[in-house]
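If you want the building blocks of each chain, they are given just below.
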Amino acid sequence: MGDSTLDVADVVDVVILGAGISGLSFAHHVARAGLRCLVLEAAPSPGGCIRTARGSDGFWFELGAHTLYNSYSALLDVVAEAGLRGAIAGRHPAPYRLLVEGKVRSVPSQIALGELFASAWRVFTLRKAGRSVGDYYGRLVGRRNWRRVFSPLLSAVPSQRADDFPAEMLFKQRPRRKEFPRTFTLKNGLSTLIERLAGEERVTLRVNAGAKALRRAEPGFAVTTQAGDTARARHLVLALPPDQGARLLVPLLPAAAAALLRVRTTTIDSTGVAFAKRDLPFPRLAGLVPLDDVFFSAVSRDVVPDERFRALAFHFRAGLGLEERLERIAAVTGAQRERFALVGEHRSCLPSPALGHGDIVRALDESIAASGVYLTGNYFGGLAIEDCVLRSLAESRRLLSESK
Ligand SMILES: Cc1cc2nc3c(=O)[nH]c(=O)nc-3n(C[C@H](O)[C@H](O)[C@H](O)COP(=O)(O)OP(=O)(O)OC[C@H]3O[C@@H](n4cnc5c(N)ncnc54)[C@H](O)[C@@H]3O)c2cc1C
């Protein structure tokens, strides 16, 4: 098949593969510096792990990422530069609860306090470096507390079993910007940011345009999409899940592909349901974490209260069909299926880093140095949106300095 150029005039400065927050924040930075970007996204809409479900009546809830913090300084800069400072909406405080044998329970009620007090002193001496989450926090709260309560609680953070994560990657101390609410979202949900970034000047987004093959082609790179189109650009940026990046980089940078293949990934099937307020029997909560179930957490919309509706997004282990997930949601909430006011589903892919992850990142950075290829994503500093934006900022600066 001959090359048919995408609906973009001639060669662009930068082609970015993947329209999640990593790809779009990268596009934001280089577009502000005057470069023209083409963003190619495999899915029918941008956002990746950021996906707001919206009903026709204006009610919305998050099917993926849900919480931003005033310690997300790089993200806050992007939000402000994109003109969305006025869209920041503080989240109302609400507790996380546990689901224990079908009942909603407080977290403290499930903790063995004797074991906790006998272990917690280690917080003054124990170092996170070189330890897994299970090892580090298990020593702080006691083994039994860890297995029964804290492992499920911390696994709710990355929507997967977190025991083997490097302890340094899960929670990070970052300076807070106190002029912003401690935790916040955006009016109309986090997809508001995605939509704004995708529409910025000098940024062109193509959806249903997954990258299939890469090659070097003067004056830089050519990307062939699933549809058979070819896009050409001087610089190439991969903002993809690591397994996807590895597949594409084999012919171009085999050492980078080999390093990417060492990053394990997991799939999360999220299913969210909105309920008329009277139909959900739970007390107000930020989220529900089961001690042992087919889902890791159910994240609530109660933190942005609505007069008519409430919603819960359940983040399931992969493998269940939609019917099974909806059945489980009905059983957990006690709400009848015919009373579900809005249902949304979304599949996400997240990395599952383990000890030694820093070595993979170093190998990756070495393998792409001076190659004209730039890598960003949620598998460098961490999985949080701020980690993605920080990596994109650093890589976009590298691109801008190398393109002078
Ligand atoms: C359920 C859930 C809840 C979360 N909650 C929070 C939270 O509250 N706060 C927080 O800070 N973080 C949270 N996270 C983590 C955070 O949302 C993600 O780490 C981050 O959004 C990932 O962004 P990304 O752009 O690196 O990757 P992704 O969002 O995965 O984007 C990658 C994009 O690449 C596209 N793609 C794949 N293959 C191709 C291809 N061949 N060609 C072109 N495009 C392709 C994908 O379709 C996708 O759109 C959560 C994640 C999940 C799943």
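Refer to the structure presented above.
Residues numbered from 1 in each chain as written. Predicted model: local features only at pLDDT ≥ 70, side-chain atom pairs only at ≥ 80, totals over all residues.

Put simply, helix α1 (residues 21-32) and helix α12 (residues 385-402) touch, their axes get as near as 8 Å, and they point 40° apart. Between α1 and α12, the angle falls in the class oblique. In the crossing of α1 with α12, the sense of the turn from one axis to the other is right-handed. When α1 is examined against α12, the residues Ile21, Ser22, Ser25, Phe26, His29 and Val30 are found in contact with a partner set consisting of Ile385, Cys388, Val389, Arg391, Ser392, Leu393, Glu395, Ser396, Leu399 and Leu400. Of the residues in the contact of α1 with α12, the class split is nine nonpolar, five polar and two charged. (Axes fitted to C-alpha atoms, helices over the stretch in contact; angles between N-to-C directions. Helix = DSSP H or I, 4+ residues; strand = E, 2+ residues; numbered from the N terminus. Parallel < 35°, antiparallel > 145°, perpendicular 65-115°, else oblique. Left-handed = near helix turned anticlockwise from the far one by under 90°. Contact = placed C-beta atoms within 7 Å. Nonpolar A, V, L, I, M, F, W, Y, C, P; charged D, E, K, R; others polar.)

Take the sheet that holds strand β6 (residues 88-90) next. Reading across the sheet, the three strands line up as β5-β9-β6 and stay open at both edges, with antiparallel pairing between neighbours. The sheet terminates laterally at β5 (68-69) and β6, the two strands that pair on one side only. As paired elements, β6 and strand β9 (residues 183-186) share three bridges and run antiparallel to each other. The partner of glycine 90 across the bridge, within β9, is phenylalanine 184. (Pairing = 2+ DSSP bridges.)

Alternating residues of strand β2 (residues 37-40) divide into Cys37 and Val39 and Leu38 and Leu40, and every residue in both groups is buried. For β2 and strand β10 (residues 203-206), the ladder comprises four bridges, and the chain directions are parallel. Within β10, the residue paired with leucine 40 across the bridge is arginine 206. (Buried ≥ 20, exposed ≤ 12 C-beta atoms within 10 Å, placed from the backbone.)

Glancing now at unusual backbone geometry. The amide bond that connects glutamate 218 to the next residue, proline 219, takes the cis arrangement and shows omega of 5°. Take proline 219: it is sitting in the loop between β11 (211-217) and β12 (220-225). A positive phi angle, near 50°, is found at glutamate 101, a position not held by glycine. A tally of 8 C-beta atoms within 10 Å means that glutamate 101 is categorised as exposed. Of note in the backbone geometry, asparagine 208 takes a positive phi value of approximately 50° without being a glycine. Summarising the element assignment, asparagine 208 is placed in the loop between β10 and β11.

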